[in-house]
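Summary of structural features
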Amino acid sequence: MKRATGLLAVGTIVAGLLAGCAEEVRTRSGLRPDTDPFLERQVSIYGAVIRQLVTKDHTFGEEGPGIEVIYVLERPMDRAGSPDSGTAEEDGGEPFSEELRAGLRSILSDLPPIEFVSDRQEVVVEKDGFPMVKGGNGLVTLGPIPVEGDRLEVPASLYFTGLAGIWLTYVVENAGGEWQITGTTG
């Protein structure tokens, strides 16, 4: 009886390990290998844009802005790279899918947590007469991704307060199957 129990325990452990390994199989974008290539492309491109904004182009110098939460507007905005109208309601596309949101959280898991918001007013508050993102955090707005091409222009912004933010259009290129920021335009 002891041997049967021992074999059952070993079998359970092996099955658990195999199931765990199956869950660990992911693509570069953090998605499962059977993921729709269009979704994987979106996750890779938006992931590169968010990483560039939050870790390099944040305008706070070497120390960084000390963001604890990255707020992301939940849908692409046509004029995300424009400080005057980048979040105008009429410019918005369809909300990001749950799969896209999960992929971004996965591929950017080394950064502060991402929270998607439906409207900038959810996180922009008034403090000392200035609008600012609550908690001293940042709000990322992403533009639409062109459907085709290996060299794309994607507008984006990172907003902190009425006195601090950046709006630009990134040049994103596919280099060996990996999407990378290669510059800005405009």
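Here we summarise the structure given alongside this text. Every chain begins its residue count from 1, and numbering advances along the sequence as written. Per-residue local features of the predicted model are confined to residues with pLDDT of at least 70, and side-chain atom pairs are confined, for both listing and counting, to 80 or more; whole-chain, interface and lining totals are unaffected and use all residues. Computation of side-chain values: all heavy atoms of the structure, hydrogens and water removed.

**Examining the overall build of the protein**
The condition is simple: Going along the chain from the N terminus, every DSSP run of H or I of four or more residues is numbered as a helix, and every run of E of two or more is numbered as a strand. Relative accessibility thresholds used throughout: buried, under 20% of the residue-type maximum; exposed, over 50%; partly exposed, between the two (1.4 Å probe, protein chains only). Contact between two residues is taken to exist if any of their heavy atoms lie within 4.5 Å; hydrogens are not considered. Using a 1.4 Å probe, the Shrake-Rupley method yields the accessible areas, and only the shown protein chains count as cover for residues.
If you tally the helices and strands in the protein, you get three helices and eight strands. Across the protein, helices and strands are ordered from the amino to the carboxyl terminus as α-α-β-α-β-β-β-β-β-β-β. A burial count over the protein gives 39% of its 186 residues as buried. Considering only residue pairs separated by 6 or more positions, the protein has 55% of its internal contacts joining residues 24 or more positions apart. Carbon and sulfur atoms make up 53% of the accessible area of the protein, which amounts to about 10400 Å² in all.

**Some remarks on the packing of aromatic side chains**
Rule in force here: Any two rings among Phe, Tyr and Trp, with Trp reduced to its six-membered ring, count as a pair given centres within 6.5 Å; such a pair is stacked if its planes are under 30 degrees apart, edge-to-face if over 60, and tilted if neither. Geometrically, a lysine NZ or arginine CZ counts as sitting over a ring once it is within 6 Å of the ring centre and also within 35 degrees of the ring normal.
Taken as a whole and judged by the stated rule, the model has three aromatic pairs. Looking at Arg101, its charged tip hangs above the ring of Phe116, at a distance of 5.2 Å from the centre. Of note, Arg120 hangs over the ring of Tyr159, and the distance from its end group to the ring centre comes to 4.8 Å.

**Concerning the nonpolar core**
The cut-off we apply is this: Only buried residues count toward a nonpolar core. Its members are Ala, Val, Leu, Ile, Met, Phe, Trp, Tyr and Cys residues joined through side-chain atoms within 4.5 Å.
Counting residues in each nonpolar core, the largest one holds 32 residues, and the members touching the most others are Val72, Val140 and Leu142. Broken down by secondary-structure element, the contributors of at least two residues to this core are helix 2 (37–55), strand 1 (70–73), helix 3 (98–107), strand 2 (114–117), strand 5 (138–142), strand 6 (151–161) and strand 7 (164–175). Other than its neighbours up to four places away in sequence, Val72 contacts Ile50, Phe96, Ile114, Glu115, Phe116, Val117, Leu139, Val140 and Leu142. Counting 11 residues, the second largest nonpolar core, distinct from the first, contains Met77, Ala80, Val124 and Leu139.

**Some thoughts on helix 2**
Basically, it comes down to this: Expected span of a helix, by definition, is 1.5 Å for each gap between consecutive residues, and there is one gap fewer than residues.
In this model, helix 2 (19 residues) spans 26 Å end to end at C-alpha, consistent with the 27 Å of a helix rising 1.5 Å per residue. Within helix 2, 14 of the 19 residues are buried, leaving the element largely enclosed by the surrounding structure.

**Some details on helix 3**
Along an α-helix, a turn takes 3.6 residues, which lines up residues three or four apart on a common side. We apply this condition: To be clear, the arc concerns the directions from the helix axis to the C-beta atoms.
Among the residues of helix 3, those classed as buried are Leu100, Arg101, Gly103 and Leu104. Down the axis of helix 3, the smallest arc covering the buried residues is 160 degrees, so these residues share one side. Here the buried face of helix 3 lies against helix 2 and strand 2.

**Quick word on the pairing of strand 3 (residues 124–127)**
Side-chain direction in a regular strand flips from residue to residue, so the side chains alternate between the two faces of the sheet. Selection rule: What makes two strands pair is DSSP finding at least two bridges between them.
Where strand 3 and strand 4 (residues 130–133) come together, four bridges link them in antiparallel fashion. Bridge pairing in strand 4 places Val124 opposite Val133. In this antiparallel pair of consecutive strands, strand 3 and strand 4, the connection spans two residues, and Asp128 shows a positive phi of 50 degrees.

**Some details on the side chain of Arg75**
Using the following cut-off: Polar contacts, as used here, are pairs of N or O atoms within 3.5 Å; protein pairs need one atom able to donate a hydrogen and one able to accept it. Residues neighboring in sequence count only if both atoms are side-chain atoms.
With respect to the helices and strands, Arg75 occurs in the loop between strand 1 and helix 3. For Arg75, the side chain forms a polar contact with the main-chain oxygen of Ser118, separated by 2.7 Å.

**Brief notes about the environment of Gly149**
Looking at the element boundaries, Gly149 is found in the loop between strand 5 and strand 6. Among the residues examined, Gly149 registers a relative accessible area of 37% and is labelled partly exposed. A sequence separation of 24 residues divides Gly149 from Glu173, and the C-alpha atoms of the two residues are 8.6 Å apart. Leave out the neighbours within four places in its chain, and Gly149 touches Arg41 and Trp179.

**Some words on the side chain of Arg101**
Structurally, Arg101 can be placed in helix 3. Judged by relative accessible area, Arg101 falls into the buried class, the value being 11%. Dropping the residues within four chain positions of it, Arg101 is found in contact with Glu74, Pro95, Phe96 and Phe116.

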